[in-house]
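Examination of the molecular architecture
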Amino acid sequence: GGKTDGFESLFMKYVGGLFPDLAGPADHYLALQKIHQALVLEPEEKKLLPILNTIDLPLVPILYKMEQKGIRLNRESLKDQSESLHKEMVKIEKEIIEEVGMTFNLASPKQLADVLFNKLKIPPLKKTKTGFSTDSDVLEKLSAEYPVCKKLIEHREIAKLKSTYVDSLPLLVNPETGRLHTHFNQVGTSTGRLSSHDPNLQNIPIRSERGNLVRRAFEADRGCEFISADYSQIELRILAHITGDEGLCKAFAQDQDIHAATASEVFNVDLADVTSDMRRMAKAVNFGIAYGQGAFGLAESLGIDRKESAEIIEKYFIKFKRVKDYMNDTIEEAKIKGYVESIFGRRRYISELKSDNQNIRKFGERAAINAPIQGSSSDLVKLAMIQASKDVKTDLLLQVHDELLFECKNSDIDHETKVIRKTMEKVVELKVPMKVNVSRGKNWEDAHA
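Report on the accompanying structure. Position numbers for residues start from 1 in each chain and track the written sequence from start to end. Note on the predicted model: pLDDT of at least 70 is required for a residue's local features to be given, and 80 or more for side-chain atom pairs to be given and counted; whole-chain, interface and lining totals, by contrast, use all residues. The side-chain figures draw on all heavy atoms in the structure; neither hydrogens nor water molecules are used.

1. Brief notes about the pattern of salt bridges
Let me state the cut-off plainly: Between Lys or Arg on one side and Asp or Glu on the other, a salt bridge is scored when a side-chain nitrogen of the former is within 4 Å of a carboxyl oxygen of the latter. Only DSSP runs of H or I with at least four residues qualify as helices, and only runs of E with at least two residues qualify as strands; both kinds are numbered from the N terminus onward. To sort residues, take the accessible area from a 1.4 Å probe on protein chains only and compare it with the maximum for the residue type: under 20% means buried, over 50% means exposed, and anything in between is partly exposed.
In this structure the tally under the stated criterion is 32 salt bridges. One salt bridge in this structure joins Glu99 and Lys151, with 3.1 Å as the shortest N-O distance. On the criterion of sequence distance, the pair formed by Glu99 in helix α4 (residues 75-100) and Lys151 in helix α7 (residues 147-166) is long-range, its members being 52 residues apart. In this structure Glu99 comes out as partly exposed when scored by relative accessible area, which is 41%. Note that Arg280 is salt-bridged to Asp277, the shortest N-O span being 3.2 Å. Placement of the pair is Arg280 and Asp277 together in helix α12 (residues 276-290), with a separation of 3 residues, close to one helical turn. Given a relative accessible area of 40%, Arg280 falls into the partly exposed group. Under the relative-accessibility criterion, Asp277 is labelled partly exposed at 40%.

2. Re the sheet that holds strand β12 (residues 395-400)
Think of a sheet as strands paired side by side through backbone hydrogen bonds, with each pair either parallel or antiparallel. For clarity, the cut-off: Following DSSP output, two strands are said to pair if at least two bridges run between them. All axes here are fitted lines through C-alpha atoms, helices being fitted over the stretch that makes contact, and every angle between N-to-C directions spans 0 to 180 degrees.
Taken in spatial order, the 4 strands line up as β12-β13-β9-β14 in an open sheet, and their pairing is antiparallel. Bordering the open sheet on either side are β12 and β14 (436-441), each of which pairs with just one other strand. Mean inter-strand twist for the sheet, computed between neighbouring axes without regard to direction, equals 20°. Pairing between strand β9 (residues 224-231) and β14: 6 bridges, direction antiparallel. Its bridge partner being in β14, Asp230 is matched across the sheet by Asn437.

3. Quick notes on the pairing of strand β13 (residues 403-409)
Strand residues, when the strand is regular, have side chains that alternate between the two faces of the sheet. The buried fraction of β13 is high, at 6 of 7 residues. As defined by bridge partners, β9 adjoins β13 across 7 bridges and the pair is classed as antiparallel. Within the sheet, the bridge partner assigned to Phe226 lies in β13 and is Glu407. Taking the residues between adjacent antiparallel strands as the criterion, β12 and β13 are bridged by 2 residues, where His401 takes a positive phi near 55°.

4. Considering the nonpolar core
Using the following cut-off: Nonpolar cores were defined as sets of buried Ala, Val, Leu, Ile, Met, Phe, Trp, Tyr and Cys residues, with membership established by side-chain atoms within 4.5 Å. When checking whether two residues touch, look at their non-hydrogen atoms; a contact exists if any pair is within 4.5 Å.
Core analysis: the largest hydrophobic core is formed by 108 residues, its most contacted members being Phe218 and Tyr316. Broken down by element, the residue count for this core peaks at 9 residues, all from helix α16 (residues 358-391). Contacts of Phe218, omitting those with residues within four sequence positions, involve Ile71, Arg72, Leu73, Leu169, Leu180, Leu201, Ile204, Phe226, Lys442, Asn443 and Trp444.

Now the structure itself:
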């Protein structure tokens, strides 16, 4: 039922009372027994034992092995990156200060708000307890009209990349192994997705040139290469499977470009006549639908007016009727049961649906639509990891959402690539085929291409 943050919070939740501060080994053992007694009944009552026994428990030794193995990091490369990022930041800071006409501390939200909204007289968009907000949303919206905001966003992004990854990753390298050992957490998210921490390797920005350079510093051992295997459009395939929608299933069965196929249906043109703009809109709809996003959200992400986005969504639901039914049915069912389930039976409880606050209820509705899709795809990736530990002899190093990263001896690479693809594509039989993209390289960025 959601997140857990360690032993003490489990004790409070399931046994009651505070766990003693100066507890000895015997106290811990007794407490564990009490927690075990309280916890063992719940999965049985809720029919969650299959998930526990076929997915979550078998994954524990695999994650342990991945943490032990670690991944090699080129510290020299990161040192160079750190220096060049520092230079970039200084340059951008200079430009901002010249444009504004005064020096101030870019890292202070208070000073920044003063400069933007008082000195430059930019109309503020959002108020916080301490004054006007300068969060990324606000800067993003203002950047079209005020170039200085674009520079501020860039400065902030570089600073975050530098402090979170470029400067801190080398400090986490284990001096004995010369490798970086992240920690995987199975119970950190409400949908069952794995998360990783110290360092969190799951949110290195992929789409930016600078983020890619960070991935470049992760290198395969001598005589080895990385194999990166990721599921293509796993969430949309799961949506097709859950809803059984003919249009979606047909597009995947024929291995069509799903966004182009959606555009062809929604805009009523032949597949060959779909323009890149139509495809872009269809792509936003496809991803928006999977996350339970409405006309307003779509309008915002596409930069079109709400009337137009409402029309696009309406056309989508006419063509993909089963998706609409799924959304309505799931919300109704979640209101009655209080939870939704993944294909494999993993539950997510959604108390927000009972709230008196309309915004919180709307959030609950979006979660009800998305959780079975995201939960099923993360279960599927976990099952693939379990199967790979049996079929594949190459070491699995990392899991990042839909991607698995292996380190393979050069001599085995052709054979292992085939085995990995087959294992991942065949792990579960769904109504649509699973598709896995596999690539290889000496470092994580090259293997990601």
